[in-house]
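Chains, contacts and geometry: an overview
Okay, here's what each chain looks like letter by letter:
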Amino acid sequence: VSTQSTGVLQALSEEDLKNWMEIMEGKEATYSEPMQAAKLRVPQEVGMDFVKKCIERLGTLGLSEQGIYRVSGAQTKMSKLIANTFEDKNIDAVMEVDDVKVIASALKYYFRVILPEPLPTFSLHLVFLEA
């Protein structure tokens, strides 16, 4: 019988964040994969619609909030949003979410995990380094 539990740590200031990052050797925290979204092949149009909807929703709800991309949203809510959008094909699921940190976390997850290639593509990596 496993008695593992998950703890959540939050930096309350930039100095706390700096200290945590130093302790973690500069690495961000890792999260378990929401559902099977990382294994999905998401058509480019669906991915772009998701990005646009997230940006639209964040523009509506989150312009006055600080740290929406730095502070993670609830993992279970973010997993549900990813699953609703990409597994259930409900592209408007993001419009039903009111928590800006959940939306921002889902957007970051899309860019980090679901998108098959980083925004600064592998083929342009050296060009970016030279710039």
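Above this note sits the structure.
Structural notes, computed from the coordinates. (Residues numbered from 1 in each chain as written. Predicted model: local features only at pLDDT ≥ 70, side-chain atom pairs only at ≥ 80, totals over all residues. Heavy atoms only, no water.)

1. Some remarks on the side chain of Arg57
Rules: Strands are runs of DSSP state E lasting at least two residues, helices are runs of H or I lasting at least four, and both sets are numbered from the N terminus onward. Two residues qualify as a contact provided that any one of their heavy atoms is within 4.5 Å of a heavy atom in the partner residue.
Structurally, Arg57 can be placed in helix α2 (residues 44-61). Not counting residues within four places of it along the chain, the set of residues in contact with Arg57 comprises Gly62, Val94, Met95, Val97, Asp98 and Ile103.

2. Description of the packing of α2 against helix α4 (residues 100-114)
Stated formally: Only C-alpha atoms enter the line fits that serve as axes; for helices the fit covers just the stretch in contact. Angles between N-to-C directions range over 0 to 180 degrees. Geometric relationships in this document are graded by angle, where less than 35 degrees denotes roughly parallel, more than 145 denotes roughly antiparallel, 65 to 115 denotes roughly perpendicular, and other angles denote oblique. Take the far helix as the reference: if the near one is turned anticlockwise from it by less than a right angle, the crossing is left-handed, and if turned clockwise, right-handed.
Between α2 and α4, the least distance of the axes is 10 Å, while the angle of their chain directions is 155°. Our classification of the angle between α2 and α4 gives roughly antiparallel. Where α2 crosses over α4, the handedness of that crossing is left-handed. From α2, Gly47, Met48, Phe50, Val51, Cys54, Ile55, Arg57, Leu58 and Leu61 reach across to α4, where they touch Val100, Ile103, Ala104, Ala106, Leu107, Tyr110 and Phe111.

3. Re the environment of Thr76
Take Thr76: it is sitting in helix α3 (residues 75-87). Sequence separation of Thr76 and Val102 is 26 residues, and the distance between their C-alpha atoms is 9.2 Å.

4. Section: the packing of α3 against α4
Two elements in contact, α3 and α4, have axes separated by 9 Å at closest approach and are oriented at 60°. Once α3 is placed against α4, the crossing between them reads as right-handed. Between α3 and α4, the residues in contact are Lys77, Met78, Leu81, Ile82 and Phe86 and Val102, Ile103, Ser105, Ala106, Tyr109, Tyr110 and Ile114, respectively.

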